Structures are given as structure tokens and as C-alpha cells.
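# Structural overview
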Amino acid sequence: MSKKQQTLSSFFGVSPPTKKHQPEPEPKKRLFSEKWLQDVQWLETNDERTEMWCKICRSHPHLADKTGVFYKGSKNFNHPLFDKHEKSKEHINVVQAIANKQASREELSSRPLSRWRDKLNEEQRQALCNIFLLAFHKAKHARPMSSYSEDIPLLKRLGVNVGSAYHSREGGSRIMQSIARSISMELHAKLQSAEFWGLLFDGSEDITKTEQEIVYILSVSSNGKFTSDFLGLIELGADRTAQAITDGLVRLFQDTGLDDWATKLVAVCTDGAAVNVGIYNGVVPKLRQLAAVGDSLVHVLCTAHTLENCAKSADRNVPYCETFNQCVVKLLKFYLQKGGAKKTTALEKLCKENGIAFVKLGKFHNIRWSAWRHETLLKISRLLPAIKMQLATNDNSDLQHICTERFQCFLSHMLEVGNILKTTSIRFQKEKLTIGECKDELMVAIGQFTLLLDDDGEGHRAHNVLNADVDNDKRNLLRGLIEEFETRYDSLKSCDNFLVFDPSTWPQGMQDLHSFGNTTVCSILKKYEAILQLHKDTTVTEWMRLKQAGKRLGASSVYDLVQIVNTSNPDAYSNISKVVRLSLTLPLSSAACERGFSHLNIIKNKYRSRLSHARLSALMHIHLSKQTTETFDPKQAVELWMETANRRLNQGQRGASAASSSSTMQGEVVDSGGDTEEDSGGDTEEDSGGHTEEDSGGHTEDSEEDGTF
């Protein structure tokens with residue numbers, strides 16, 4: 001009210017009229033229309049009809065726009081922008097990729113290859129099998145395909161039937177990819193028959209500093225056979241976030257045809273990297289959101305990695321450990337870096353003169369693992385008298401501490417502790433490691449540390465009198481290890497329920513055995529109800545029957561229970577057998593991934609640094625397969641190659657055109673560009689000069705594609 005209005009109101013005693021502000025009516029909230037699901041084929045919504053999204057974009061996260069509302073989920077039903085999303089570049093790319101894959105499958109199914117296959121006689125089929133076996137042998141032993149073409153003349157001279165075509169390294173590479181697809185198809189069939197899967201993955205950089213995520217998968221067949229298989233590689237590049245790793249895992253499952261992975265995944269094992277174990281944005285929480293078991297998805301920190309972390313944390317509690325480790329590294333560099341060959345020769349000469357067994361020191365970058373560290377310290381201990389004599393004539397002040405008594409006494413203590421860590425680490429790296437065995441190894445290691453801590457032998461007393469500091473360092477190190485072992489293995493508590501299937505934990509009395517583990521089995525059934533769907537009373541009855549049979553037959557491990565189930569009436573343990581197989585799917589160590597990186601570095605070395613991702617994955621599938629040159633049967637790979645490979649079917653027509661090969665196992669794309677191991681500089685030292693089989697012999701790929709042998 002203005003000042004003038006206030007004056008008039010006070011003079012006449014009447015208040016001026018005021019405008020009434022009526023509230024505007026709220027817009028009517030529009031609900032989801034069921035008709036949209038019929039009109040828009042790519043639309044999907046939740047059961048409550050409170051959110052909608054594009055299902056095909058979500059199924060191809062590597063092509064879709066992850067920031068779009070129809071990828072994240074839209075709750076705005078007032079103005080559904082269907083047309084705008086359909087015209088977006090990212091959605092069109094997804095639709096085109098699906099159409100290309102479908103067209104490729106239809107084109108493959110319509111090829112008239114039966115005529116070409118029927119024209120092959122037994123001799124030509126045998127020639128195909130022989131060159132397939134040669135290509136498998138080369139890939140299995142990480143040899144480049146240039147050696148494939150070099151061995152063909154040798155096989156001909158030895159009288160081996162290798163036909164007259166597909167002898168170049170390009171032909172060998174195509175054959176290798178067909179072998180990799182056949183191995184992947186066998187793995188796919190085996191995984192589809194398994195009821196539960198466990199996942200292992202770890203990341204590392206290859207020789208080109210490209211981040212690679214290596215993935216292994218655990219499965220247990222219906223007869224209880226445990227296997228750990230290489231599933232594939234995920235190339236991350238610059239994006240190394242948890243979302244990128246999760247999308248890569250989902251894409252890997254889809255590319256290998258394992259679309260039902262979310263209903264079978266029950267456990268994950270990783271190292272302690274923050275990108276994996278982050279509470280909110282880690283890979284494991286994201287997998288729990290996608291898996292059918294949800295929060296019941298078991299996550300175990302690798303027992304071998306955890307052991308190394310225990311050792312490092314215990315070292316930090318002892319100040320002298322840092323000085324000791326630095327002296328060891330400096331000593332290894334003294335013998336292994338510049339001028340090390342002459343020093344090693346002089347050391348070997350001193351060992352011979354003084355009757356000391358000479359052993360060659362290993363690389364210093366390998367001492368970060370307990371087993372390698374113990375082996376290195378053991379070699380130094382054996383060579384220490386000769387090393388002291390050699391260092392006495394050397395003016396290197398950094399190495400003089402090695403000659404002191406404190407270093408020698410602490411070295412002997414580290415050998416005792418290192419032997420326990422080495423033994424435990426090696427056992428933690430077993431493939432068939434059960435939760436019961438893991439718990440037993442932990443208790444044994446803690447017990448051995450306690451014995452060393454309480455040891456008061458005469459020899460130790462003499463050291464304690466002369467070297468009180470060394471004795472205190474030893475006690476602090478052992479106490480630190482015991483404390484770390486008791487606190488760092490918390491992730492194993494998520495597997496404690498499955499200890500009931502370890503017969504070594506069963507009570508001795510039959511009365512106690514009757515009720516042992518019944519409640520635990522019921523809790524497992526409830527926890528994994530989404531994938532087990534078993535009747536509780538029937539399962540508990542079978543569990544009591546299995547305990548009695550295991551006690552009577554002297555079962556000592558969960559694998560003995562599996563053997564009892566396999567040799568008994570199939571209906572007697574049809575329910576509890578699923579729970580037992582579920583317990584075997586828990587991965588407790590990701591050591592297989594570390595071994596996989598060692599093989600990856602053998603394949604992708606400095607001479608083959610330009611291997612493409614698809615070629616590298618194919619080579620890894622063959623190299624890490626369970627088959628050997630003696631056991632590999634090439635017939636299945638040959639049949640697959642006949643069905644999928646593009647070639648000229650009209651014999652003798654060299655000028656006929658042929659379409660380029662574009663199919664891999666379950667939609668994996670084979671690169672048709674120049675980024676292969678056959679690129680100049682990307683195969684071997686000889687290849688870098690540009691000399692190929694085609695240059696010297698005039699044998700081109702055209703003569704291989706005419707279908708003759």
C-alpha cells in the first residue's frame with residue numbers, strides 16, 4: 001500500500017480495496033501410457049511405471065549417449081521426446097550396429113558353401129587339418145605368424161600334406177582367428193551348462209602403456225568339475241573409471257553370447273584397488289546393482305594380494321626394514337645394471353676360489369612378491385661371504401652396510417619369516433582353493449609366527465645379547481604380521497556360511513552332527529533365493545542325508561562331498577548339490593589374472609607392439625586354453641572356418657571378387673584395417689624391413705582364396 005493510500009484510509013477510516021490473488025491451478029500430472037510400449041519398440045519401463053528408458057541404448061553402452069535422459073531414465077511423462085531421441089546420432093548408431101549384426105548373420109546363413117565343402121576329398125581335408133594344427137601350435141607357443149609361413153616348406157620336405165593354399169602369414173592369421181572362435185564357442189557351451197559363475201578381473205598396462213583389464217571366469221559343471229577359464233580382454237585406454245570397467249565387463253559378456261550373466265554371477269574376486277572396492281562408485285557395487293543376487297553378490301579380496309599388503313604394512317612398523325630393503329635393491333643394481341656383467345664374473349671367480357656354490361642373482365624388480373623376495377634373499381645369503389670379500393675392495397659407501405653384523409642378523413630373520421610368507425603365498429595361488437583351506441593356511445601362518453616370536457633358543461640368546469636392536473626389530477615385525485593377518489582378511493567373513501560344507505569343521509558326535517549347519521543352509525537358501533529357488537525342507541533333509549554319508553565314507557573336503565553326490569542316486573541330492581556347487585564357485589584368489597598378464601607380455605612384446613585388440617584377444621584365447629598341440633582336434637575349427645570365412649567359391653577364377661571377412665565369435669569384430677601384427681615393424685625384427693612371403697615368392701592372397709588345395 002502506497003503512502004497516499006495510507007493517508008486517505010486514515011482520513012476517511014476506510015481501507016482501500018485489495019485484489020484477491022487466487023492460486024493458479026496445478027497442471028495435471030500425466031501418467032505413463034501403456035500405448036507407448038506398443039507404438040515405440042525401443043521403449044522400456046519399470047514395473048511401477050514411474051520411469052522409462054531406451055532398452056537398446058542401455059544394451060550397447062559403448063555406443064549410446066550415457067548423459068541422455070533415455071539412457072539414465074526419464075520420469076517426465078508430460079512431453080516424452082521420443083522423436084528427438086530416435087533422430088539422435090547415438091541412437092541411430094546403436095540401431096545401425098544391431099542391423100549390421102543381423103545382416104551379417106543372415107548373409108552367413110545364406111552362403112552356398114555346401115558345394116565347396118562337398119568338392120573337398122579326404123586328402124584336401126587332411127591338408128586343412130594339418131595347417132590348422134600348425135597355426136594352433138604357433139599361437140599356443142606365442143610365435144608370430146611369419147614363422148607359420150616359414151615352416152610350410154619344412155613340412156613339405158618332411159612329407160606332410162599341407163596342400164597348396166593358405167600358406168602365407170595372412171592365411172595363417174585367418175586360420176588362427178577361426179581356431180580362437182572355436183575355442184570361444186566351446187567355452188560358451190561349457191559356461192551355459194554351468195549354473196553359477198565366479199568372476200576374476202585385474203588391470204595392468206601392456207608394453208605400449210595401454211590399460212588392459214584381463215577377465216577370468218570360474219564355473220562348476222553339473223558333475224562338480226571346477227574350471228577357471230580366460231574370458232577376454234577389455235581395453236580401457238584413457239578412461240579407467242569404475243563405470244568404464246563395468247561397461248567393459250557387460251560388453252564382454254554380450255560379445256561372448258553370455259546374455260544371462262546377471263542371473264548366474266554369484267561372486268567376484270579383485271585386488272584392493274579403490275576403483276574396484278569403492279563403497280559407492282566402485283566396480284563391485286555397480287555389479288551388485290546389475291546382478292540378480294543384488295547385495296548378496298560375494299566380494300572377496302584376493303588372498304595372495306592381501307598377504308603382500310600384510311607384509312608391506314608390517315615392514316612399515318619396523319624402521320630398519322626400509323634401510324634393509326634399500327640395501328638389497330642397491331646390491332642387485334650393483335650386479336645387474338651398468339658394468340654388472342664384469343662384477344658378476346668376478347663374484348663367480350671368488351666363489352670358485354673359496355668353495356662357495358655360485359647362483360645368479362635375479363632381477364630386482366621381481367622382489368615385490370613374497371616368493372621372489374625370499375628366493376632373492378636366499379641367494380644373497382649363500383653368496384654373502386664372497387660379496388663381502390668383493391665389497392672390501394670397492395669404494396662404494398652405499399654398499400658397506402651390507403658387511404655389518406646387523407644386516408647379516410636381520411637377513412637371517414627375514415629368511416625365517418620369508419619362508420612362511422612364501423609357502424602361504426604359493427598355496428593361496430592355487431586354482432582349487434576352498435574357503436576351508438584358506439582359513440587353515442591363515443591359522444598355520446599365524447601359529448608359525450607365534451612360535452618364532454616365543455622362540456628362546458641358545459643361538460637366539462647370543463644374538464639378543466649382541467644385537468638388541470635386531471631382536472627388537474624381529475619381534476616388532478612378527479607382531480605386526482600377526483596383527484595384519486588377523487585384521488586384513490575381513491572379506492573372507494562373507495564366505496563363512498559355506499564352511500559348513502568342509503567336513504573338517506563337522507562335530508564328531510552323531511547327535512551334534514544331525515543339527516550341524518541346518519540353520520546355515522537355510523540362510524544360504526534365503527540369501528540366494530533369486531537364483532536357487534529350492535524348497536527349504538527338502539534341501540535340509542538332503543543336507544542331513546549328505547552329512548551322514550560323508551561321515552560314513554570319511555569325506556575330508558568339499559570335493560569328496562561332490563564325489564558322493566555324483567556316485568549316488570541323482571534324486572537323493574538334487575537340491576543340496578546345487579548349494580554345494582555354489583560354494584565351489586567362490587573365487588578366493590586372482591592369481592590367474594597375474595599369470596595372464598605374464599602371458600600377455602610374452603605375446604605382445606616389443607617386436608609385436610602393434611597387435612590390435614581383436615588379434616591379441618584371439619591369441620590369448622589360444623595361448624591360455626587347456627588344449628595342447630597333442631590334444632587339439634582341428635576338425636571343429638575347420639568346420640567353423642568353412643561356414644564363416646569368405647572365399648572365392650569358383651575354382652580357377654582368380655579375378656573374382658570376394659567380400660572381406662567381418663565375423664568373429666558371437667559378434668566380435670575382426671579388424672580389417674592395417675593394425676595387425678603383420679604391420680611393418682609390428683611382427684619381428686626381420687618383418688620391420690618390409691620383406692614378406694608375397695614379395696619373394698610372388699604367392700599372393702588371391703591364389704589362396706580360390707578354394708583349391
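Only a predicted model underlies this, so the values are computations on that prediction, with no experimental measurement involved.

Counting across every chain of the model gives 0 disulfides. In this model Cys438 remains outside any disulfide bridge; the closest cysteine sulfur is found in Cys495, 8.6 Å from its own. Residue classification places Cys495 among the buried residues on the basis of a relative accessible area of 0%.

Below, the discussion takes up a nonpolar patch on the surface. Among the surface-exposed residues, Leu154, Leu158 and Val160 lie close enough to one another that they form a single nonpolar patch of about 280 Å² accessible area. Judged by relative accessible area, which is 48%, Leu154 ranks as partly exposed.

To continue, consider the sheet that holds strand S7 (residues 298-301). Overall, mixed pairing links the 5 strands, which are arranged S5-S4-S3-S6-S7 in an open sheet. Looking at strand neighbours, the two that pair on one side only are strand S5 (226-235) and S7, the edges of this open sheet. Neighbour-to-neighbour, the strand axes of this sheet turn through a mean angle of 20°, independent of strand direction. In this sheet, S7 lies alongside strand S6 (residues 265-270) in parallel orientation, the contact comprising 4 bridges. Bridged to Ala267 within S7 is Val298.

Time to look at the environment of Leu478. Of note, Leu478 is situated in helix H22 (residues 468-487). Taking the C-alpha atoms as reference points, Leu478 and Leu453, separated by 25 residues in sequence, lie 6.5 Å from one another. In this structure, Leu478 is in contact with Val417, Phe449, Leu452 and Leu453, ignoring residues within four places of it in sequence.

Scored by pLDDT, the protein comes out at a mean of 81, with 82% of its residues at no less than 70. Below pLDDT 50 for its whole length, residues 456-465 participates in 8 contacts with residues either more than four positions away or in separate chains. When the criterion is pLDDT under 50, residues 648-709 qualifies, and its contacts beyond four places in sequence or with other chains add up to 134 contacts.

This part covers the environment of Tyr166. Residue position: Tyr166 is located in the loop between helix H9 (145-157) and helix H10 (169-193). Distance in space between the C-alpha atoms of Tyr166 and Ser149 is 9.0 Å, their sequence separation being 17 residues.

Right, let's get into helix H30 (residues 613-623). In terms of residue burial, H30 counts as a mostly covered element, since 10 of its 11 residues are buried. When we look at burial in H30, the residues that qualify are Ala614, Arg615, Leu616, Ser617, Ala618, Leu619, Met620, His621, Ile622 and His623. Where H30 is buried, its residues contact helix H8 (122-140), H10, strand S4 (211-220), S5 and helix H29 (591-603).

Another aspect to go through is the pairing of S4. Counting buried positions along S4 gives 10 out of 10 residues, so the element sits mostly inside the fold. Where burial is concerned, the two faces of S4 agree: the one with Glu211, Glu213, Val215, Ile217 and Ser219 and the one with Gln212, Ile214, Tyr216, Leu218 and Val220 are both buried. Inspection of the sheet shows strand S3 (residues 197-205) paired to S4 by 9 bridges, in the antiparallel sense. In the strand pairing of S4, Gly198 is matched with Leu218. Connecting S3 to the antiparallel partner S4 that follows it, the hairpin turn spans 5 residues, and Lys209 within it adopts a positive phi of roughly 65°. Pairing of S4 with S5 involves 9 bridges; the strand directions are antiparallel. Following the sheet pairing, Ile214 is matched in S5 by Leu233.

As a further point, take the pattern of salt bridges. Think of it this way: side chains of opposite charge can pair up when their charged atoms draw near. According to the stated counting rule, one finds 19 salt bridges in the structure shown. The shortest N-O distance in the salt bridge between Asp206 and Lys604 comes to 2.9 Å. Of this pair, Asp206 sits in the loop between S3 and S4 while Lys604 sits in the loop between H29 and H30, and the two are 398 residues apart along the sequence. No difference in accessibility class separates Asp206 from Lys604, as the two residues are buried. Between Lys626 and Asp229 there is a salt bridge, with the nearest N and O atoms lying 3.5 Å from each other. Pair noted here: Lys626 is in the loop between H30 and helix H31 (635-644) and Asp229 is in strand S5, with a separation of 397 residues, a long-range link. By relative accessible area, which is 54% here, Lys626 ends up exposed. Residue classification places Asp229 among the buried positions, given a relative accessible area of 8%. Members of the salt-bridge network, linked through shared partners, are Lys190, Asp229 and Lys626.

This part covers the pairing of S6. Most of S6 sits out of view: 6 of its 6 residues are buried. Note: S3 against S6, 4 bridges, orientation parallel. What sits directly across from Gly198, in S6, is Ala267.

Right, let's get into the side chain of Lys286. Examined against the element boundaries, Lys286 turns out to sit in helix H14 (residues 283-290). Here Lys286 is buried and forms no salt bridge, its nearest opposite-charge partner Asp247 lying at an N-O distance of 8.0 Å. Apart from residues no more than four positions distant in its own chain, Lys286 is found in contact with Ala242, Gln243, Thr246 and Asn281.

A word on the packing of aromatic side chains. This structure, assessed with the given rule, holds 20 aromatic pairs. Site record: aromatic cluster; members linked through ring pairs are Trp36, Trp42, Phe70 and Phe82. In this arrangement the basic side chain of Lys432 is found over the ring face of Tyr559, its NZ or CZ atom lying 5.8 Å from the centre.

Turning to the packing of helix H24 (residues 518-527) against helix H26 (residues 536-553), a few remarks are in order. Interhelical geometry of H24 versus H26 gives an angle of 135° and a closest axis separation of 10 Å. By the angle between their axes, H24 is oblique relative to H26. The chirality of how H24 crosses H26 is right-handed. Of the residues in H26, those touching H24 at Asn518, Val521, Cys522 and Leu525 are Lys536, Thr539, Val540, Trp543, Met544 and Lys547.

Here we come to helix H20 (residues 435-454). Between its first and last C-alpha atoms H20 spans 29 Å; for 20 residues at 1.5 Å apiece the expected length is 28 Å, and the two agree. Buried positions along H20 lie against helix H15 (303-316), helix H19 (405-428) and H22.

With that settled, the discussion passes to unusual backbone geometry. Even without glycine at this site, Ala142 takes up a positive phi of about 60°. Note on placement: Ala142 falls in the loop between H8 and H9. The class of Ala142 is buried, set by a relative accessible area of 12%. Backbone geometry places Tyr166, a non-glycine residue, at a positive phi of 60°.

Conventions we followed
Each chain carries its own residue numbering, running from 1 in the written order of its sequence. For this predicted model, a pLDDT threshold of at least 70 governs which residues receive local features, and a threshold of 80 or more governs which side-chain atom pairs are given and counted, while totals over whole chains, interfaces and linings are taken from all residues. With hydrogens and water set aside, each side-chain value is computed from the structure's full complement of heavy atoms. In what follows, a disulfide is any cysteine sulfur pair within 2.5 Å. For each residue, the accessible area found with a 1.4 Å probe, counting protein chains only, is set against the maximum for its type, and the residue is called buried under 20%, exposed over 50%, and partly exposed in between. Patch construction takes residues with relative accessible area above 30% that form no salt bridge. Like charges are linked within 9 Å, and nonpolar side chains (Val, Leu, Ile, Met, Phe, Trp, Tyr) are linked within 5 Å. The Shrake-Rupley method, run with a 1.4 Å probe, gives the accessible areas here. Residue values count only the displayed protein chains as cover. The working definition used for a salt bridge is a side-chain nitrogen of Lys or Arg within 4 Å of a carboxyl oxygen of Asp or Glu. A pair of strands counts as paired when DSSP detects no fewer than two bridges linking them. To qualify as a helix, a DSSP run of H or I must reach at least 4 residues; to qualify as a strand, a run of E must reach at least 2; elements of each kind are numbered from the N terminus. Helix axes are fitted only over the stretch in contact, all axes being lines through C-alpha atoms; the angle between N-to-C directions runs from 0 to 180 degrees. In this analysis, two residues are considered to be in contact whenever any of their non-hydrogen atoms come within 4.5 Å of each other. How sure the predictor is of each residue is captured by pLDDT, a score from 0 to 100. We score Asp and Glu as negative and Lys and Arg as positive, and we do not count His or the chain ends. Only centres within 6.5 Å qualify two rings of Phe, Tyr or Trp (six-membered ring in Trp) as a pair; their planes then separate them into stacked at under 30 degrees, edge-to-face at over 60, and tilted for everything else. Working rule: Lys NZ or Arg CZ, within 6 Å of ring centre, within 35 degrees of ring normal, means a charge sits over the ring. Any angle that is under 35 degrees is reported as roughly parallel, and any over 145 degrees as roughly antiparallel; angles of 65 to 115 degrees are reported as roughly perpendicular and all others as oblique. By convention, the crossing between two helices is left-handed when the near helix turns anticlockwise from the far helix through less than a right angle, and right-handed when the turn is clockwise. Here a helix's expected span is defined as the number of its residues, less one, multiplied by 1.5 Å.

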